[in-house]
Amino acid sequence: MQLFSSWTGSDFLIFYSALLLLGCMAAWWIPSQLRDAGRRGEALDADSVALLAGGRDRFADAVLADLFVRGAIGPSGKDRVAVVRRDIASGAAGKAVLEAGGPLTRGEARRIIDLHAERIAARLRRSGLLMWPEQHTRLRWLSITPFAVLFVLGLYRQRAGNALGEPTGLLLILLGLTAVFAAIRFVRSDPRTAAGIAAVSDLKTKSSRIARAPRPEEAPLAVALFGTAVLVGTPWEPVHALRQNAGSSGDGGGSSDSSSDGGGDGGGGCGGCGG
Amino acid sequence: MSPPCDDLWQRIAAYHIGPADASLNFAARLARENRWSLAEAELVIEEYRRFCYLAVTAGYEVTPSDAVDQAWHLHLIYSRDYWETFCPLVLKADLHHGPTSGGPVEAGRYYRQYAATLAAYEAAFGQAPPVAIWPVASRRFKVDPRGVRVNLSGASAVSRRVALALGLLAAIAGWLTGRIM
């Protein structure tokens, strides 16, 4: 018996397109249902939050923001930072950046602290906020199962159509699209447990103020949670420019403008001391 | 929300700025000058009251958002009300207005004050300030300071997006006309 033997090519294309749509929905629904629950534990520091909220890139941004805000590093050209003071107390990752010395790009800084990122990731796995690699791999494969089934089905029909001399170009395009969706789903799979996702979500809800204008001591956590965009309009905007430049051509495409006058008014009660 | 219970806040909350029987009262004037609705102006005035409370209680200089600053500017124009009643009887302190003298150092100082003001607001009123009136730093220090006074009696203003859409439509219409004619 030949499956779909009575279907015309256009019938099958409509059927396949509908299944592809359902497959996309399933590929995003499956991880939400099968993700490891994990567990909530103690309060998280900014480094852990950064890794949990935005991965290793975010972790590097948070470390650089912390050092920049405290005056340990400063801008050096378009896309580098240079160590200004080495005597600033900092975490292990911050110390590694300061010890590296010379002007660093964001990518170089990230490579220097990658080992520290791995240590924090291991701690988050033990805490139940990140999945273990084997759990994550299993979830990735499960997430793309709908696409795999669909691909096999489409390939079967394409071969059959090809054998009968039917045009199968559109079906090949849909097969390619299926493979691309599967690759995206596989690569962009969230490695956090449900508890890890909830922990970040709760922190974001509680931290709406620092997303607008963090105080110096809050800047690393703000960057950890929301990215370097929260530094636009602050005195630490060069950290955001560093990320932007690193994200463009590699040799820098924009420029930071920390010298903007900005504006503002202030006032204090009687001599600034209040009543 | 948990507004403070002290006497200072009670006095500020109960205070009506300017003559109550004026046909163009403080809120209506604030709305007209900023092209806000009356309801929006009333919300800004409420936030201005909170800002004044923080200015007296925070223990350091505070910086308002641009919207709150507009209310403050207008209140300062009602100079008798501000200096003879509001400051001495309501705040029981002089609240001076200090515009920036420009430059990156001042920009940094005002940013830090703005961030500290938002933190003081959250601590005093039990919630983060409303984002529509107390915006993100990028808007407060990069966009809002570029505002200018415009008399719209002989001019029109459209947003860049609308202007771009209109320009695009005109270009398409011109191209189509050229093809048809």
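Residues numbered from 1 in each chain as written. Chains lettered and ligands numbered in written order. Predicted model: local features only at pLDDT ≥ 70, side-chain atom pairs only at ≥ 80, totals over all residues. Heavy atoms only, no water.

Quick word on the pattern of salt bridges
- Within the structure shown, the criterion is met by 25 salt bridges over all chains.
- Across the salt bridge formed by A:Glu217 and A:Arg215, the nearest N and O atoms sit 3.8 Å from each other.
- Owing to a relative accessible area of 26%, A:Arg215 belongs among the partly exposed residues under this scheme.
- Note that B:Glu33 and B:Arg29 form a salt bridge whose closest N and O atoms lie 3.9 Å from each other. (Salt bridge = Lys/Arg side-chain N within 4 Å of Asp/Glu carboxyl O. Buried < 20%, exposed > 50% of the residue type's maximum accessible area, 1.4 Å probe, protein only.)

As for the layout of surface pockets
Residue and element names in this part refer to chain B.
- There is about 1,700 Å³ of room inside the largest pocket.
- Lining the largest pocket are 40 residues, with Asn34, Asp66, Gln70, Gly147 and Val148 sitting closest to its centre.
- For the lining of the largest pocket, the secondary-structure elements that each account for two or more residues are helix 2 (26-34), helix 3 (38-57), helix 4 (66-77) and helix 7 (137-143).
- A total of 7 residues in the lining of the largest pocket trace back to one element, the largest contributor, which is helix 4.
- Tallied by class, residues from the lining of the largest pocket come to 17 nonpolar, 9 polar and 14 charged. (1 Å grid on protein atoms, 1.4 Å probe; cavity = no way out; pocket = protein on both sides within 12 Å on 5 of 7 lines; lining within 4 Å. Points joined across faces, edges and corners; volume = space filled by probe spheres on them. Helix = DSSP H or I, 4+ residues; strand = E, 2+ residues; numbered from the N terminus. Nonpolar A, V, L, I, M, F, W, Y, C, P; charged D, E, K, R; others polar.)

Brief notes about helix 2 (residues 46-69) of chain A
Residues and elements named next belong to chain A.
- The end-to-end C-alpha distance of helix 2 is 14 Å, clearly below the 34 Å that 24 residues give at a rise of 1.5 Å each.
- The buried fraction of helix 2 is high, at 17 of 24 residues.
- Phi for glycine 71, located one or two positions after helix 2, is positive at around 80°. (Expected span 1.5 Å × (residues − 1).)

Re the packing of helix 2 of chain A against helix 5 (residues 114-127) of chain A
All names here are of chain A.
- The contact between helix 2 and helix 5 brings their axes to 10 Å, and the two run at 140°. In terms of orientation, helix 2 lies oblique with respect to helix 5. The two elements helix 2 and helix 5 cross, and the hand of that crossing is left-handed. Between helix 2 and helix 5, the contacting residues are Asp47, Ser48, Leu51, Leu52, Arg56 and Phe59 on the first element and Asp114, His116, Ala117, Glu118, Ile120, Ala121, Arg123 and Leu124 on the second.
- Residues that form the contact of helix 2 with helix 5 fall into these classes: 7 nonpolar, 2 polar and 5 charged. (Axes fitted to C-alpha atoms, helices over the stretch in contact; angles between N-to-C directions. Parallel < 35°, antiparallel > 145°, perpendicular 65-115°, else oblique. Left-handed = near helix turned anticlockwise from the far one by under 90°. Contact = heavy atoms within 4.5 Å.)

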